[in-house]
Structures are given as C-alpha cells and as structure tokens.
Amino acid sequence: MLKILLAIVVGLVGAVLLHLIIILSLPHFTGLDAYTRILARGDLNRFHLLAAQPDKAGLSVADPFMHVAVCSFDVDTVPLRLQARGSVPFWSLAIFDSASNEIFSMNDRTSVGGGLDVVIASPIQLTALRKALPEQLAQSILVEMSRPDGYAVVRTLAPRKSFDQAAQAFLQEASCQDFTGR
C-alpha cells in the first residue's frame, strides 16, 4: 500500500513539474516571446517607438505616462553604443539578451551627467576596448553580453501632457548604433 501511495505522489509531482515546464516554455516555441516581437518591429540597431495601441508585433505601452522605445541588436562582430540626451523628468534603460534575461539596467539618476551613454559588447570586444579605451568612451558605461543578440528598452516619463513633447524627442533622438571606434 505504501509503495502505491509513493508512486501516486511521485507521479503527481512529476506531472506538476512537467506542466510548469511546458507553460513556461510556450512563449519561446510560439514565437511570441519579447525578443521575437521586437525583431518583428524592423531593422536592427534602430530605436522603434511604441504606441498605446498594439502594433503588428503586438507591442504597446499600457501606461499613459510612459513613452517607450525598443532596439534589437547583435554584437557578434562589433560593439553597440546607446546614446540619448534631453531634458526629461526620468528615463530608464534595460538591456536584455535574446532569452529575455535582464543583463543590465540603469536610469538617469545613476548615469554620468544625466545622459544615456552605454556601450554593449561581447567579452572579447570589451577586453579589447578596455586595453585601449578611446577618449570618446571615457564617460561611457561598458556592458558585457555573453550572448551576441538582445534588445534594449528605453522608457521616459511624462507625468503631464506638457512633458509629452520632450519625452518623444528624447526617444526619437536616441541612437542605437554599431561602435566602430570612430
């Protein structure tokens, strides 16, 4: 009797674990994960503004006080530099790998001079950059990516309608470009 009860308990625990694994892996297999949706927005190395209404990839901004831009990238051959400047009450940056694991995050309070200036690179590229750091990267924050592909999300706050124009300009002027050292 004890063996049968043990077999039932083990079977139930196994079934629960299997169902959890399947449910958590569904976005990866259905193509509805964040990275795939951001890739569907268009070109790599370019910020794409999100709207309140879902776009063709299903991306949107639910918070009426936030403005959001996303940029997918690949640092397999060259590092990437993210830059943005402007007068907004708050901005934040989050960098994710292609599996949607957050690699790095920061906001205007933790940046140098209130501006966004981040270089994303592979471990080998980062080592080379650190050996001979170009003067133009003296104030940049260097972020190491173990996977070559990922995406960045920049959010800015517009607590009142009067801030909307500055928030939009901040995101429209943000750059997400390969860094070639020039």
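Look up a bit, the structure's there.
Residues numbered from 1 in each chain as written. Predicted model: local features only at pLDDT ≥ 70, side-chain atom pairs only at ≥ 80, totals over all residues. Heavy atoms only, no water.

Trainee: Which residues make up the sheet that holds strand 7 (residues 141-144), and what values go with them?
Mentor: Strand order in this open sheet of 4 strands is 7-6-3-9, and the pairing throughout is mixed. Both edges of this open sheet fall to strand 7 and strand 9 (175-178), since each of them pairs with a single strand only. Across this sheet, the average inter-strand angle for adjacent strands is 20 degrees, counted without regard to direction. Pairing of strand 3 (residues 80-84) with strand 9 involves 4 bridges; the strand directions are antiparallel. Across the sheet, Arg81 pairs through a bridge with Gln177, a residue of strand 9. Sheet strands touched by helix 3 (residues 123-131): strand 6 (116-121) and strand 7. Its angle to strand 7, the strand with the most contacts, is close to 150 degrees. (Pairing = 2+ DSSP bridges. Helix = DSSP H or I, 4+ residues; strand = E, 2+ residues; numbered from the N terminus. Axes fitted to C-alpha atoms, helices over the stretch in contact; angles between N-to-C directions. Contact = heavy atoms within 4.5 Å.)

Trainee: Give me the packing of aromatic side chains: which residues, what numbers.
Mentor: Here the structure, examined in full by the defined rule, presents 3 aromatic pairs. For the pair Phe96 and Tyr151, a centre-to-centre distance of 4.9 Å together with 20 degrees between the ring planes defines the contact as stacked. Placement of Phe96 in strand 4 (residues 91-97) and of Tyr151 in strand 8 (residues 149-157) is noted, with a sequence separation of 55 residues between them. The same class applies to Phe96 as to Tyr151, namely buried. Put simply, the rings of Tyr35, Phe96 and Tyr151 pair up and form one aromatic cluster. (Phe/Tyr/Trp six-rings, centres within 6.5 Å; stacked < 30°, edge-to-face > 60°. Buried < 20%, exposed > 50% of the residue type's maximum accessible area, 1.4 Å probe, protein only.)

Trainee: How would you explain the environment of Ser87 if you had to name every residue and give the values?
Mentor: Checked against the element boundaries, Ser87 lands in the loop between strand 3 and strand 4. As for Ser87 and Ala169, which are separated by 82 residues in sequence, their C-alpha atoms are 9.3 Å apart.

Trainee: Mind laying out helix 4 (residues 164-172), listing which residues take part and the relevant values?
Mentor: When we look at burial in helix 4, the residues that qualify are Asp164, Ala167, Phe170 and Leu171. What you see down the axis of helix 4 is that its buried residues fit within an arc of 130 degrees, all on one side. Away from the buried face of helix 4 by more than 90 degrees, exposed residues Gln165 and Gln172 are located. Looking at the buried positions of helix 4, the neighbouring elements they touch are strand 1 (48-49), strand 2 (66-74), strand 3, strand 4 and strand 8. (Arc of directions from axis to C-beta.)

Trainee: So what's going on with the nonpolar core? Which residues, and what values?
Mentor: In terms of nonpolar packing, the biggest core is built from 24 residues, with Leu82, Leu93, Ile95, Val118 and Ile120 touching the most fellow members. Ignoring sequence-local partners within four residues, the contact set of Leu82 consists of Phe47, Leu93, Ile95, Leu116, Asp117, Val118, Ile120, Ala152, Ser175 and Cys176. The next biggest cluster of nonpolar side chains, apart from the first, holds 12 residues, and it includes Met66, Val68, Ala94 and Tyr151. (Core = buried A, V, L, I, M, F, W, Y, C linked by side-chain atoms within 4.5 Å.)

Trainee: Talk me through the state of the cysteines; I want residue IDs and the actual numbers.
Mentor: Two cysteines whose sulfur atoms are joined by a covalent bond form what is called a disulfide. Summed over all chains, the structure comprises 1 disulfide. At a sulfur-sulfur separation of 1.9 Å, the disulfide partner of Cys71 is Cys176. Note on the Cys71 and Cys176 pair: the S-S dihedral is about -65 degrees, so by sign convention the disulfide is left-handed. Taken together, the residues span a long stretch of sequence, with Cys71 in strand 2 and Cys176 in strand 9 at a distance of 105 residues. (Disulfide = S-S within 2.5 Å.)

Trainee: Residue-level account of helix 3, with values.
Mentor: Buried residues of helix 3: Gln125, Leu126 and Leu129, and no others. The buried residues of helix 3 occupy an angular sector of 100 degrees when the element is viewed end-on, so they sit on one face. With respect to the buried face of helix 3, the exposed residues turned more than 90 degrees away are Ile124 and Lys131. Buried residues in helix 3 make contact with strand 6 and strand 7.

Trainee: So, the environment of Ser60: which residues are in play, and what are the values?
Mentor: For Ser60, the position within the fold is in the loop between strand 1 and strand 2. Through-space distance from the C-alpha of Ser60 to that of Leu49 is 9.2 Å; in sequence the pair is 11 residues apart. In contact with Ser60, other than residues within four places in its own chain, are Leu50, Ala51, Ala52, Gln53 and Pro54.

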